[in-house]
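# Fold and contact review
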Amino acid sequence: MPGNEFINESLSTPVLSRYDVVVVGGGASGLVAAVAAARSGARTAVIERSGCLGGTGTAGMVAQWIGFFNGPVRVVGGIGFELTERVRALGGSTGFRRYTLAEASSSPVTITNFPFNPEVLKIAADEITREAGVDVYLHSQVVRPLLGERRVEGVVIENASGRSALRAAMVVDASGDAAVAAASGVPFAGAEPELRHHRQPCTLVFRMSNVDVKTFRALPRETKRALAVEGVQQGRLFWESLSFCSTPGEKDAICLMSRIPGIDALDAGDLTRAEQTGRQQVKSVVDFLRERVPGFEASVLAGIAERVGVRETRRIVGRHTLTESDIVGGVRFADAVALGAGPMDLHEAGGTGIALWMPPAPFEIPLACLLPQEVGGLVVTGRAISATREANGGARHMGTAMCLGHAAGVYAALAAAAPAGREPAAEDVRRVLVEQNALVSSDAAVQLSEREAPIEALPA
Ligand SMILES: Cc1cc2nc3c(=O)[nH]c(=O)nc-3n(C[C@H](O)[C@H](O)[C@H](O)COP(=O)(O)OP(=O)(O)OC[C@H]3O[C@@H](n4cnc5c(N)ncnc54)[C@H](O)[C@@H]3O)c2cc1C
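Residues numbered from 1 in each chain as written. Predicted model: local features only at pLDDT ≥ 70, side-chain atom pairs only at ≥ 80, totals over all residues. Heavy atoms only, no water.

### Observations regarding the packing of aromatic side chains
Using the criterion set out here, one finds 11 aromatic pairs in the structure. On the numbers, 6.3 Å between centres and 35° between planes, the contact of Trp65 with Phe68 is tilted. Taken individually, Trp65 and Phe68 each receive the classification buried, so the pair is uniform in this respect. Linked through ring pairs, Trp65, Phe68, Phe69, Phe81, Phe96, Phe114 and Phe116 together constitute an aromatic cluster. In this arrangement the basic side chain of Arg314 is found over the ring face of Phe188, its NZ or CZ atom lying 5.2 Å from the centre. (Phe/Tyr/Trp six-rings, centres within 6.5 Å; stacked < 30°, edge-to-face > 60°. Buried < 20%, exposed > 50% of the residue type's maximum accessible area, 1.4 Å probe, protein only. Lys NZ or Arg CZ within 6 Å of the ring centre and 35° of its normal.)

Structure, rendered in structure tokens:
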């Protein structure tokens, strides 16, 4: 909470550079947006507060991409799919697999995931941005937008070199928190006072080495569930899950097992508490795994994510708000620019449960969900697009965030090249996306999947 005392500052901030497109946040969505904008001809920069690109997938250590497949249908093409191939080629993954999400919970769902080594994704992200000619600013925090007449015109950043401004024809807000949009007066949901401490819980991911993954995977589901329930009842585990993914070699477990409720991730004090509580939980879970869970007897804590994983903060209220009925009803949109696959995934705010289910078919996401109603110069992508809380539960996976990023990057590049004040037409954005191998309609995804090998044959 801010105090009652204020100081006044007078700042004179140098303008460092001028770009066509500045992408704020280099996570799943921002990384792809930056590459897409640069490949579409825009002089592009991406600003990231961490020391690496990849966001929740690297700094947050959430080392499996989901949202790529709905049943047998692949919905992610373009730069997102290209990243899977790059990570594979660098030895960071063995590819897509069949995976039971939250296997030890009461509502597991079998999906297709892409587990990867987050350290290799960091390298792949450096390479793909360098090849595309993106200017990357790491260890750099965007602290405010530059605002013109109802228009975002750049950002102010702070980093080891001090404070500076970057002017931009278009800004892509890929912060996950709608940080630029909120500071620019774009209306948003998700930060209502009554929701502040009732958001989905945060998770601090950690990595165990020297794990016998095969032994654990071979346990019957009932045994895993019994262990999870035992751990929760004893207060040693924090939700009914023993979820982890493993990098090639199957000797380690990247564990999504902590669960920190009551956190407002827009509050620095809460975020500090989340990290510290998360580390206490990690200590408890590690002891439980080593003592009680077959395959973990000789395991060692090898690492804790640089930052706690945040599932939910702000979502803009844009020109269309994606709803659960849009998703379940398979509503078609003339301005569809990205596809989601699910699963619908909403963690109980206070308890230990999770609502997890697959939508019946891939779903379309329209460009209108990325665009603020009255503020120009800005496109929002990733976790913060305009969606209801329930729809966001199905649209926030990294596969979907990458599709949205591809669309946001192309839109921003076209907008930057258009005459002042003219917005690109959705057909043009869709055309460029298709030229860049993106999948923008559910028909296109189904047609592609009919030509691909059946995913039922994938290893578990
Ligand atoms: C615990 C957890 C488990 C999850 N499990 C999965 C899973 O198994 N598979 C899956 O596909 N998805 C999973 N998700 C969802 C997914 O990781 C996120 O929803 C997704 O990463 C959203 O992408 P994004 O690009 O919007 O945000 P992020 O990937 O979080 O990227 C946002 C980036 O913006 C940067 N940033 C923010 N503000 C600023 C600023 N002011 N200046 C500079 N940089 C800034 C951040 O540092 C970050 O790198 C999980 C999420 C969590 C939290």
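### Digging into the layout of surface pockets
With a probe scaled to a water molecule rolled over the atoms, the places where space remains empty come into view. Empty space within the second largest pocket amounts to approximately 370 Å³. Lining the second largest pocket we find 24 residues, and of these Arg98, Tyr99, Arg217, Phe244 and Ala460 sit closest to its centre. Residue assignment for the lining of the second largest pocket shows that the elements contributing at least two residues are strand E6 (97–101), strand E7 (109–115), helix H5 (213–217) and strand E14 (244–245). Looking at the lining of the second largest pocket, the element that brings in the most residues is E6, giving four residues. Broken down by class, the residue content of the lining of the second largest pocket amounts to 10 nonpolar, eight polar and six charged. (1 Å grid on protein atoms, 1.4 Å probe; cavity = no way out; pocket = protein on both sides within 12 Å on 5 of 7 lines; lining within 4 Å. Points joined across faces, edges and corners; volume = space filled by probe spheres on them. Helix = DSSP H or I, 4+ residues; strand = E, 2+ residues; numbered from the N terminus. Nonpolar A, V, L, I, M, F, W, Y, C, P; charged D, E, K, R; others polar.)

### Regarding empty space enclosed by the protein
Counted according to the given criterion, the structure contains two cavities of 30 Å³ or more. Of the voids in this model, the largest cavity is the one considered here, and its volume is about 60 Å³. Residue assignment for the lining of the largest cavity shows that the elements contributing at least two residues are helix H2 (78–89), strand E18 (336–340) and helix H10 (398–417). The dominant element in the lining of the largest cavity, judged by the number of residues it contributes, is H10, at four residues. As a volume, the second largest cavity reaches approximately 40 Å³. Lining the second largest cavity are Ala28, Leu31, Gly54, Gly57, Trp65, Leu83, Leu121, Met398 and Met402. Counting only elements with at least two residues in the lining of the second largest cavity, the list comes to helix H1 (28–39) and H10. Looking at the lining of the second largest cavity residue by residue, the classes come out as seven nonpolar, two polar and no charged.

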